[in-house]
Amino acid sequence: MLTVDFDRLGIGPSVKVIDVGCGAGRHAFEAYRRGADVVAFDRDASELRSVDAILRAMAEAGEAPATASAKAVLGDALGLPYADETFDCVIASEILEHVPQDDAAVVELVRVLKVGGTLAVSVPRWLPERVCWLLSDEYHSNEGGHVRIYRASELRDKITGGGMELTHAHHAHALHSPFWWLKCAVGVSKSEHPAVAAYHKLLVWDLMRRPKVTQLAESLLNPLVGKSVVMYFTKLDAAENEAAQGYSVASV
């Protein structure tokens, strides 16, 4: 299940991509399939071992072009071990809501991105997330859990203040919002609850089959209750950034 729209990223052969906070690796796998040179980056060693195994299996099965490369790297998003302007594309999907020092993380995401490159960021959307927090403390009050709820404008301003230009935004995963509301209502840990299990079965069916009816329903519902907000930014050069800041000040 991809949150980021890869058709907007221009990822292909020889493009350098880092998936920061890659988790189970879904976005790293897609970038690799498209021929990119990929770094799957995360602080969870156990998760990374699984990601590395899948990347190796993909290479052996020929699921990625022979010219592509992929590796799993353990580290902290607050100190990415790469030089300035290393990557053509940086993906940070559903991680900033977990990071207490999110401003420092944003600085790092921007720092390693090349001028003209694309940063794709997603976080839980304010309204669906707020409902989850109201229904359940267990949902967010745990080690490594969500530490904040973003408004889209707040996230946009954090990133554009670092020399970035917002180019597009959209919402995703509307069918997942009711699922999480249901889980929060009955108990996040109660995955075997009949209603939760039935809804999860529906989501798995949708993921595997992608029927037109659910694709249409999600596209109609995303603007209303999409679980995630996704933003795409381009890194400006010094002159462009100065001009953009000047326009911003003049227009206030």
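Residues numbered from 1 in each chain as written. Predicted model: local features only at pLDDT ≥ 70, side-chain atom pairs only at ≥ 80, totals over all residues. Heavy atoms only, no water.

Identification of the chain as SAM-dependent methyltransferase from Mycobacterium heidelbergense is taken from an unreviewed UniProt entry.

A look at the packing of helix α6 (residues 176–186) against helix α7 (residues 194–209)
A pair of packed helices is captured by two measures, namely the crossing angle of their axes and the spacing between those axes. The contact between α6 and α7 brings their axes to 10 Å, and the two run at 160°. By the criterion of interaxial angle, the relationship of α6 to α7 is roughly antiparallel. Note that α6 runs across α7; the crossing there is left-handed. For the pair α6 and α7, contact is made by H176, P178, F179, L182, K183 and V186 and by A195, V196, Y199, H200 and L203, respectively. When grouped by side-chain class, the residues that make up the contact of α6 with α7 number 8 nonpolar, 2 polar and 1 charged. (Axes fitted to C-alpha atoms, helices over the stretch in contact; angles between N-to-C directions. Helix = DSSP H or I, 4+ residues; strand = E, 2+ residues; numbered from the N terminus. Parallel < 35°, antiparallel > 145°, perpendicular 65-115°, else oblique. Left-handed = near helix turned anticlockwise from the far one by under 90°. Contact = heavy atoms within 4.5 Å. Nonpolar A, V, L, I, M, F, W, Y, C, P; charged D, E, K, R; others polar.)

Topic: α7
For α7, spanning 16 residues, the distance from its first C-alpha to its last is 22 Å, which sits close to the expected 22 Å at 1.5 Å a residue. Among the residues of α7, those classed as buried are V196, Y199, L203 and D206. Within α7, the buried residues cover an arc of 85° as seen down the axis, which keeps them to one side. The outward face of α7, more than 90 degrees from its buried face, is lined by the exposed residues P194, K201, M208 and R209. Its buried side turned inward, α7 meets α6 and α8 (212–225). Taken from the residues just after α7, R210 is the one with a positive phi, measuring 50°. (Expected span 1.5 Å × (residues − 1). Buried < 20%, exposed > 50% of the residue type's maximum accessible area, 1.4 Å probe, protein only. Arc of directions from axis to C-beta.)

Quick notes on the nonpolar core
Counting residues in each nonpolar core, the largest one holds 30 residues, and the members touching the most others are V20, Y82, V90, L96 and L119. For this core, the elements supplying multiple residues, two or more each, are β1 (16–20), β2 (37–42), β4 (87–93), α3 (102–111), β5 (113–124), α5 (152–160) and β7 (228–235). Beyond its immediate sequence surroundings of up to four residues, L96 is in contact with D102, A105, V106, V121, V123, R148, Y150 and L155. Of all hydrophobic cores here, the second largest spans 26 residues; its members include V17, C22, A31 and V230. (Core = buried A, V, L, I, M, F, W, Y, C linked by side-chain atoms within 4.5 Å.)

Regarding the packing of helix α4 (residues 126–135) against α6
Across the interface, α4 lies against α6 with an axial gap of 8 Å and an inter-helix angle of 10°. The angle between the axes of α4 and α6 places the two elements in the roughly parallel class. In this structure, α4 contributes P128, V131, C132 and L135 to the contact, and α6 contributes S177, W180, W181, C184 and A185. Each residue belonging to the contact of α4 with α6 can be placed in one class, and the counts come to 8 nonpolar, 1 polar and no charged.

A short note on the pairing of β2
The buried fraction of β2 is high, at 5 of 6 residues. The sheet contact formed by β1 and β2 spans 5 bridges and is parallel. In the strand pairing of β2, V20 is matched with F41. For the segment spanning β1, helix α1 (residues 26–33) and β2, crossover handedness is right-handed. For the crossover that starts at β2, traverses helix α2 (residues 45–61) and ends in the parallel strand β3 (residues 69–74), the hand is right-handed. (Pairing = 2+ DSSP bridges. Right-handed = clockwise from strand over helix to strand, strands pointing away.)

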